[in-house]
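Structural characterization, general
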Amino acid sequence: MLFNSLQFLLFFPIVLFVLFFLKNRNASLIFLLVASLYFYASWNFNYLFLILISIISTYLSAIAIDQEARKENEKKNILMFAIILNLLILFFFKYYDFFRKELSSFNITNQFPEWKFLLPVGISFYTFQAIGYLIDVYRRSIPAEKNWINYSLFITFFPQLVAGPIEKAEHILVQFRNQIKWEKANLVNGLDLVLWGFLKKVVLADRLSVYVDSVYSNLEVHGGLTLLVASVLFSIQIYCDFSGYSDIAVGVARMMGFNLIQNFKNPYFSKNIGEFWSRWHISLTSWFRDYLYIPLGGNRVTLFRNYLNVLIVFLLSGLWHGANWTFIIWGLLHGVWRILGMGFQKMTSQRIFFVRLSKLKFVDSVNVLLTFGFVTFAWIYFRANNLADAHYIIRNILFNMELTNTSLRQTILPFTQSNVSIAHAIVVCFWVFFVFYIEKMKEVNFSFILRLFISISILFFGKFDNVSFLYFQF
């Protein structure tokens, strides 16, 4: 069930209506759990058992780990068993076929049977959320949740189930223990976020996807200029798509009286890759920092080991996004650029002619442009179907860049196809600049006029064909 579908537009108001009249906390949570399981089962009922295995295994393991009388060794063994079980399920459904094909180069593929499964939606998100909870219980950061309804809802809560944000138990689980509070401010603010998310998804991301998909599916007929424009537009598309989903998720949860963490904070205004990842997909960045980077030693080790830790984190981050070499290269590129950025930050902190370079405004502007340029370059690998396509795009951008009347006409051509009119292109351009301007402001006042303008834009210029959110595939 997509957020941008008629099914969800019928489902959510019913959920909200029923919750409003349920005064008993347990009854409200049971209903919300049933609604969340229905929401997940609507994708593929057969995969419901996977999320149930994750819930049962981590719920029981956490309780066992939390027992004071149990020896430390036993606790560690239980922790490792539960983590390995959940990672094996993730590996089998998401990575098995990729590694089986890669092993074909060693002529040992026949030893591994070929199994084709659809990727269970949201499996990477709820698996990481469950593992993070287990580790927090083991570290004694939080007590194990004894109430199975609360814990099941922590894993299955439908607004953030299939594409995050990846919540921590100490933030969201506490909210399930309290009575749902209905406040007009939450309803209004939540609705504003939902509208804003829909605008970014159906007016911007889905309209831009027509151009990007048209170019990336027919690379050989396009020159360097068109490929460059498509790659820049994909940077905007993926931001509007994923942050749009997050806005809707946070808004839907807030309307029901729950607060999810903010997953994006103007990432394209970052001055380096480190800052970019503190603003982009914040919940995933926090997860890798808390449960991988710091346990590896973080920056409390030698410089070489610190750089190695950074590479490991970004390599696994790339692999988390998908079973394809394009994602692995994308992750490694960010890791290498992050390491270079760490050295650059040290250099700009030095005084030159009694002035710190990092204090100069033009340096910040240059850094923002360089960071956006690199992120866009890396997105080419992320979007390309394979490494060959990615290298073709990069090669043509670098060596086949022609600014002629013919190349300019070819660049504009995808905008003039029957399903994307010039009017749509103009509206998209306007809203792209307006969205980035609005989100750069610390507080946005959603006046009646702005709400009306957004609603009209969605109704008249939105692309309503149930286009899935990009991050659903992860």
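Scroll up for the structure.
Notes on the structure follow. Bear in mind that the values here come from a model prediction, so they are computed numbers and not experimental data.

Re the overall build of the protein
If you tally the helices and strands in the protein, you get 19 helices and two strands. Considering the protein as a whole, with its 474 residues, one finds that 53% of them fall into the buried category.

Regarding a nonpolar patch on the surface
Taken together, the side chains of Phe448, Ile449, Leu452, Ile456, Leu459 and Phe460 define a hydrophobic patch exposed on the protein surface, amounting to about 690 Å² of accessible area. Here phenylalanine 460 lies in helix H19 (residues 448-461). Residue phenylalanine 460 is classed as exposed on the basis of its relative accessible area, which comes to 60%.

Quick look at the packing of helix H3 (residues 48-65) against helix H7 (residues 148-156)
Contact geometry for H3 and H7: axes closest at 10 Å, N-to-C directions at 130°. Classified by the interaxial angle, the pair formed by H3 and H7 is oblique. Considering how the two elements wind past one another, H3 and H7 form a crossing that is right-handed. On H7, the residues touching Ile51, Ile55, Thr58 and Tyr59 of H3 are Trp148, Tyr151, Ser152, Ile155 and Thr156. When the residues that make up the contact of H3 with H7 are grouped by side-chain class, the tally is six nonpolar, three polar and no charged.

Notes on the side chain of asparagine 266
In this fold, asparagine 266 is placed in the loop between helix H10 (224-255) and helix H11 (273-277). Residues within four places of asparagine 266 in sequence aside, it is in contact with Arg279, Glu439 and Lys440.

Some points on unusual backbone geometry
Notably, arginine 140 is not glycine yet its phi reads approximately 65°, a positive angle. Within the secondary structure, arginine 140 is located in the loop between helix H6 (123-138) and H7. Here histidine 281, not a glycine, exhibits a phi torsion of approximately 45°, which is positive. In this structure, histidine 281 sits in the loop between H11 and helix H12 (282-293). Since its relative accessible area comes to 0%, histidine 281 is described here as buried.

Remarks on the packing of H7 against helix H8 (residues 169-176)
Helices that pack against each other are described as a pair by the angle of their axes relative to one another and the distance between those axes. Interaxial distance between H7 and H8 falls to 9 Å at its minimum, and their mutual angle equals 130°. Here H7 lies oblique to H8, going by the angle between them. The element H7 and its partner H8 pack so that their crossing is right-handed. Residues Asn150, Tyr151, Leu153 and Phe154 of H7 pack against Ala169, Ile172, Leu173 and Phe176 of H8.

A look at the environment of isoleucine 149
Residue placement: isoleucine 149 occurs in helix H7. For isoleucine 149 and leucine 32, which are 117 residues apart along the polypeptide, the C-alpha to C-alpha distance reads 9.7 Å. If we skip the residues at most four places from it in the chain, isoleucine 149 touches Leu29, Ile30 and Leu33.

Some thoughts on helix H1 (residues 6-21)
In an α-helix, one turn spans 3.6 residues, which is why side chains three or four residues apart end up on the same side. End to end, H1 covers 24 Å across 16 residues, agreeing with the expected 22 Å (1.5 Å per residue, within 8%). Taken as a whole, H1 has its buried residues at Phe8, Phe11, Phe12, Val15, Leu16 and Leu19. Projection of H1 onto a plane perpendicular to its axis shows the buried side chains occupying an angular sector of 125°, all on one side. Summarising the geometry of H1, the exposed residues directed more than 90 degrees from the buried face are Leu6, Leu10, Ile14, Phe17 and Phe21.

Brief notes about the nonpolar core
Ranked by size, the top nonpolar core spans 146 residues in total, and within it Tyr133, Phe158, Met256 and Trp280 carry the most contacts. A total of 16 residues in this core trace back to one element, the largest contributor, which is H10. Beyond its immediate sequence surroundings of up to four residues, methionine 256 is in contact with Phe12, Val15, Leu16, Leu19, Leu32, Phe157, Phe158, Pro159, Ile180 and Trp182.

Side note on the environment of valine 313
Residue placement: valine 313 occurs in helix H13 (residues 303-321). The sequence separation of valine 313 and threonine 285 amounts to 28 residues, and the corresponding C-alpha distance is 9.5 Å. Leave out the neighbours within four places in its chain, and valine 313 touches Phe288, Leu292 and Tyr293.

Some details on the pattern of salt bridges
One pass over the full model with this rule turns up 14 salt bridges. With its nearest N and O atoms 3.8 Å apart, the salt bridge here joins arginine 70 to glutamate 74. The class of arginine 70 is partly exposed, set by a relative accessible area of 27%. Its salt-bridge partner being aspartate 241, residue lysine 201 comes within 2.7 Å of it at the nearest N-O pair. Here lysine 201 is found in helix H9 (residues 184-216), whereas its partner aspartate 241 is found in helix H10, with 40 residues between them in sequence. Classification of aspartate 241 as buried rests on a relative accessible area of 1%. Among the ionic contacts, a cluster of salt bridges with common partners joins Lys168, Arg289 and Asp290.

Cut-offs and rules
- Residues numbered from 1 in each chain as written.
- Predicted model: local features only at pLDDT ≥ 70, side-chain atom pairs only at ≥ 80, totals over all residues.
- Heavy atoms only, no water.
- Helix = DSSP H or I, 4+ residues; strand = E, 2+ residues; numbered from the N terminus.
- Buried < 20%, exposed > 50% of the residue type's maximum accessible area, 1.4 Å probe, protein only.
- Patch = residues over 30% accessible without salt bridge, like charges linked within 9 Å, V, L, I, M, F, W, Y side chains within 5 Å.
- Areas by Shrake-Rupley, 256 points an atom, 1.4 Å probe, with all protein chains shown as cover.
- Salt bridge = Lys/Arg side-chain N within 4 Å of Asp/Glu carboxyl O.
- Axes fitted to C-alpha atoms, helices over the stretch in contact; angles between N-to-C directions.
- Parallel < 35°, antiparallel > 145°, perpendicular 65-115°, else oblique.
- Left-handed = near helix turned anticlockwise from the far one by under 90°.
- Contact = heavy atoms within 4.5 Å.
- Nonpolar A, V, L, I, M, F, W, Y, C, P; charged D, E, K, R; others polar.
- Expected span 1.5 Å × (residues − 1).
- Arc of directions from axis to C-beta.
- Core = buried A, V, L, I, M, F, W, Y, C linked by side-chain atoms within 4.5 Å.

Coordinates in, geometry out; function isn't part of it.
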